[in-house]
Amino acid sequence: MILFASSEPTLFGWFLASVATFLIGASKAGLKGMSIFNVTLMALAFGARQSTGLIMPLLLAGDVFAVLYYNRHAQWKYIFKFLPWMVLGILIGVLVGKDLPEKEFKWGMVVVIFISLGLLYWWERRKSTVTPSHWAFSGSMGIMAGICTMIGNLAGAFTNIFFLAMRLPKNEFVGTAAWLFFITNLFKLPFHIWVWETISTETLVINLKLLPAIGAGLLFGVFIVKKINERNYKRFILIVTAIGAVAMLFK
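This report concerns the structure included in the present document.

What counts, and where the lines are drawn
Residues numbered from 1 in each chain as written. Predicted model: local features only at pLDDT ≥ 70, side-chain atom pairs only at ≥ 80, totals over all residues. Heavy atoms only, no water. Helix = DSSP H or I, 4+ residues; strand = E, 2+ residues; numbered from the N terminus. Buried < 20%, exposed > 50% of the residue type's maximum accessible area, 1.4 Å probe, protein only. Contact = heavy atoms within 4.5 Å. Areas by Shrake-Rupley, 256 points an atom, 1.4 Å probe, with all protein chains shown as cover. 1 Å grid on protein atoms, 1.4 Å probe; cavity = no way out; pocket = protein on both sides within 12 Å on 5 of 7 lines; lining within 4 Å. Points joined across faces, edges and corners; volume = space filled by probe spheres on them. Nonpolar A, V, L, I, M, F, W, Y, C, P; charged D, E, K, R; others polar. Axes fitted to C-alpha atoms, helices over the stretch in contact; angles between N-to-C directions. Parallel < 35°, antiparallel > 145°, perpendicular 65-115°, else oblique. Left-handed = near helix turned anticlockwise from the far one by under 90°.

Side note on the overall build of the protein chain
Then, in step 1: When helices and strands are counted, the protein chain shows 11 helices and 0 strands.
Then, in step 2: The secondary structure elements of the protein chain, listed N-terminal to C-terminal, are α-α-α-α-α-α-α-α-α-α-α.
Then, in step 3: Of all 251 residues assigned to the protein chain, the portion counted as buried reaches 53%.
Then, in step 4: Of the contacts formed within the protein chain by residues at least 6 apart in sequence, a portion of 86% connects residues at least 24 apart.
Then, in step 5: In the form shown here, the protein chain has an accessible surface area of approximately 11700 Å², with 70% of it arising from carbon and sulfur atoms.

Following this line, the structure appears as structure tokens:
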């Protein structure tokens, strides 16, 4: 069921899109792990392929706020470590995105996410201060994040796992992720405009109508993040990432 298939959107379609946009704002403000929910709602309202491009300007609007608000907390060494692999994943996603079997891709992604979450939980239980330093970890997480963000704007699970594994404190986590996504979303933009052609004048008009919802989500996210302590924030990210992985199967 695609609720925006015609030129006259339904009231329920606008409701779903507004909730999705609100969640984008909350996620960009620091409530990481919620991207799967806004992606699912947008896909229901607009269709899976079209929603990947339509959502891009909204993501960038949230990115601009996030980098301005959390800029001082960004840890660039982790961005430089992760970004090249993620760019490679995006390029792979551009090439295979049209023909990749969605069902097999989703199952594979969910399996990788749960294996990674299991490893993180094990590290936390051991109370170890060691962080993964081998290039294979950042490489695998980065490539998967890049492929997922190009095909379905679903990089959040893999970036969350990487930053949690690096044991970044709450504000550093949010600030570093803000810059990473701002850069990669800018990189993806031309592909959506000229290769996949999922961004048009019509989609930009819809984006403008949804901007108030992203503003509300940003304010809500900032308020909630301030109230969550470091330990509960990490638990929140783990739980929401796990829920999101299961939700992918129903997208």
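Read on, since the account is not over.
Focus: empty space enclosed by the protein
Then, in step 1: On inspection of all chains with the given rule, the structure shows 4 cavities of 30 Å³ or more.
Then, in step 2: Of the residues in the lining of the largest cavity, the class split is 6 nonpolar, 9 polar and 3 charged.

Section: the packing of helix H5 (residues 76–96) against helix H8 (residues 156–165)
Then, in step 1: Orientation of H5 relative to H8, taken along the N-to-C sense of each, is 150°, at an axis distance of 12 Å. Relative to H8, the element H5 is oriented roughly antiparallel. For the pair H5 and H8, the sense of crossing is right-handed. Facing Tyr78, Lys81, Phe82 and Met86 of H5, the residues of H8 in contact are Phe158, Thr159, Phe162 and Phe163.
Then, in step 2: Residues of the contact of H5 with H8, tallied by class, amount to 6 nonpolar, 1 polar and 1 charged.

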